[in-house]
Amino acid sequence: MAAHIATAMKPKNNNSNSNNNSNCCSNGYSSDVSNGSDNNSPSPPPSPPKPRLTPSLSQCRRRLRSKTKSFVRRENLGSGLNFRRNLRYLLLLPLLYISGLLMCVGPFSGFWGYASVPGSVYRSYENFQRLWDDIRLDNSSALQLSSVWKYKRRVKVQKPCSNSTARNHFSMYRTSIMESPGSSGYLIVDANGGLNQQRSAICNAVAVAGLLNAILVIPRFELNSVWRDPSQFGDIYDEEHFINNLKGYVNVVRELPEALMEIYDQNISNIPNFRVQAWATVNYYLGVVLPILRDQRVIRIAPFANRLTMNVPSHIQLLRCITNYKALKFSPPISSLAEKLVSRMIERSSMTGGKYVSVHLRFEQDMVAFSCCVYEGGEAEKLKMDSFREQEWKGKFKRKDGVIVPALNRIEGKCPLTPVEVGLMLRGMGFDNNTSIYIASGKIYQAEKHLAPLREMFPLLYTKESLATPDELAPFEGHSSKLAALDYTVSLFSEVFVTTQGGNFPQFLMGHRRFLFNGHSKTIKPDKRKLVVLLQDMDISWKAFKDEMEVMLAESDRKGMMVPRVKKFNRKTSIYTYPLPECACLQGSNNSTFRLTEGANVLNSHHESTR
């Protein structure tokens, strides 16, 4: 009762002040202080009443002044505490700004007498020349390709399904979620990008078609402004194989029925394009897209890159696995030449038991220009790259909101490795000059100049151009996706795959190799932030560099064996890079369609027998 009376007698203006403080101070410091003083200080016992006369006007004024002073003192105390607390952050912000500025201007800090930030300057070729005598004489600790990998155990993953019952499980899902028998309509998608971005779109299209119980029309390929490849689905993949291997899961047709084509004047482009948000969820497709599909009987989604979240139910995830590792098989012309290239690499790798290393070298002119990294070309190279960027991407790199700092790009590991850097890294890891190297790449920027040091370190250096005859390659010229498919196949069955830059190609390839080799990707993914610092150090000895590279190889191999923990309906990693455990039910099948070609299947058996 006493507490209730005391609460009721509190001045109302204090409550209003408290509310105002809490509303205007978003950081909460003022409210914390006031609340703390009110709640933590015990209330004094009430004083006994004293008989007093009616207060005079002067007495009221004195009381008002004392209350005002007391209130001001409390406010000043709260403000002082707030100021002291905020002062720490006010002092910290300039320090952070200055440190970031020093990092950005590191390469130019010589004007002020400061040393450049380690790793910010390209000096790899100078270091190669300085260390070349030691490298040339050092073949004593060469690695055998058969013993490169420290981890030989199989990765233990729970198989979420069996191949024999997968079709039945999917049929049960389709029956339970759909309101009426038969398909919901036709799904048309436009896949964009290069070879593996298109591959991602195809896998996602099959998954969406299964999710919506739609009939999938063979995906169309957009003409990319960078790749400029006019190839369509049938030029890259075997259409008949694709349709047959998806039977029982998703119905696939080559074109729309004539009745629907008449509605749109025999032109698929006349079908209204439905824009789907990136990484759309299952609920979005079922709640938004499905009703429209049922109403219109056909829906077209373009572009279709990354239009489905990685987090989908297991029976839908299975469709991605089946599409990527079973249904998608390169067309006969690509498969035939790819098999020949693999066989020729095995023949030229006789000194290492038919095993070779493949390197995805992203050092083409467009990649060098897009990365905005500076190498050893000086002002002439800068002017050439500026001109190329303006020609290919117009004003993209001249926007006011974009600040390009090449040195910072290099420090952060965003610059593509040069051929000499790849050579130094591999020789440092212990690969000797008898190792056969396959370069998976487009046209190397200033190839004659940049490939020379790599060829000195590894004389057995090959490309698709050196392995195939001009007549064999003639049908592939001007078709970047077909050429990339050749590189993909040869790299897939190498003993070691080296990735030097991000992108869809290495991500899909690493995942495919994990699928084939029981979880182990057998990939060297260098720590580029560490590597650029070592390659700029003009005092480092060859032995010290080798020690660092051996540590880097061990760490890369350890990560190659890692399998992400995937909780039910909570996948955050790409299933194309980490296909396990969802795709594990497809492993171990005797069906040769799980390999790209019959010859590749034989090659895989050869690898197993020589381990």
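Residues numbered from 1 in each chain as written. Predicted model: local features only at pLDDT ≥ 70, side-chain atom pairs only at ≥ 80, totals over all residues. Heavy atoms only, no water.

Looking at an unreviewed UniProt entry, one finds the protein chain named O-fucosyltransferase family protein, with Gossypium tomentosum as its source organism. The UniProt entry for the protein chain carries the following comment under Sequence similarities (unreviewed entry): "Belongs to the glycosyltransferase GT106 family." (UniProt positions renumbered as here; feature names shortened; annotations may be inferred.)

A.B. asks: Looking at this model, I keep getting lost on the side chain of serine 556. Mind explaining?
C.D. replies: Relative to the elements of secondary structure, serine 556 occurs in helix α24 (residues 542-560). Residue class for serine 556 comes out buried when judged on its relative accessible area of 7%. Apart from residues lying up to four places away in sequence, serine 556 is in contact with Thr523, Ile524 and Lys525. (Helix = DSSP H or I, 4+ residues; strand = E, 2+ residues; numbered from the N terminus. Buried < 20%, exposed > 50% of the residue type's maximum accessible area, 1.4 Å probe, protein only. Contact = heavy atoms within 4.5 Å.)

A.B. asks: Please clarify how the packing of helix α17 (residues 419-429) against helix α18 (residues 447-457) should be interpreted in this entry.
C.D. replies: Think of two packed helices as two axes; the pair is described by the angle between the axes and how far apart they sit. At a closest axis distance of 7 Å, the pairing of α17 and α18 adopts a crossing angle of 20 degrees. One element, α17, and the other, α18, form an angle in the roughly parallel class. Between α17 and α18 the crossing geometry is left-handed. Along the contact surface, α17 presents Pro419, Val420, Gly423, Leu424 and Arg427, while α18 presents His450, Leu451, Pro453, Leu454 and Met457. Of the residues in the contact of α17 with α18, the class split is seven nonpolar, two polar and one charged. (Axes fitted to C-alpha atoms, helices over the stretch in contact; angles between N-to-C directions. Parallel < 35°, antiparallel > 145°, perpendicular 65-115°, else oblique. Left-handed = near helix turned anticlockwise from the far one by under 90°. Nonpolar A, V, L, I, M, F, W, Y, C, P; charged D, E, K, R; others polar.)

A.B. asks: For this particular structure, what's the right way to read the state of the cysteines?
C.D. replies: As used here, a disulfide is simply a covalent bond connecting the sulfur atoms of two cysteines. Counting across every chain of the model gives two disulfides. Each sulfur of the disulfide joining cysteine 321 and cysteine 583 lies 2.0 Å from the other. Its S-S torsion of approximately -75 degrees makes the covalent link between cysteine 321 and cysteine 583 left-handed. Highlighted residues: cysteine 321 in helix α12 (residues 314-327) and cysteine 583 in the loop between α24 and α25 (598-610), separated in sequence by 262 residues. With relative accessibility at 1%, the residue cysteine 583 sits in the buried group. Across the disulfide, cysteine 373 is cross-linked to cysteine 415 (sulfur-sulfur distance 2.0 Å). Judged by the sign of its S-S torsion, about -95 degrees, the cystine formed by cysteine 373 and cysteine 415 is left-handed. On the criterion of sequence distance, the pair formed by cysteine 373 in the loop between α14 (365-371) and α15 (378-393) and cysteine 415 in the loop between α16 (406-411) and α17 is long-range, its members being 42 residues apart. Relative accessible area serves as the criterion here: at 6%, cysteine 373 is assigned to the buried category. (Disulfide = S-S within 2.5 Å.)

A.B. asks: Explain the nonpolar core to me, please; I cannot follow it from the model alone.
C.D. replies: What tends to happen in soluble globular proteins is that the nonpolar side chains get buried as a cluster. Within the largest apolar cluster, 86 residues are counted, with the highest numbers of intra-cluster contacts made by Leu187, Tyr237, Phe242, Tyr285 and Leu486. For this core, the element with the highest residue contribution is helix α7 (residues 195-212), accounting for 11 residues. Residues within four places of phenylalanine 242 in sequence aside, it is in contact with Ile202, Val206, Ile218, Phe233, Val252, Thr323, Ala327 and Leu328. One finds Val148, Met457, Phe458 and Leu531 within the second-largest nonpolar core, a separate group that totals 49 residues. (Core = buried A, V, L, I, M, F, W, Y, C linked by side-chain atoms within 4.5 Å.)

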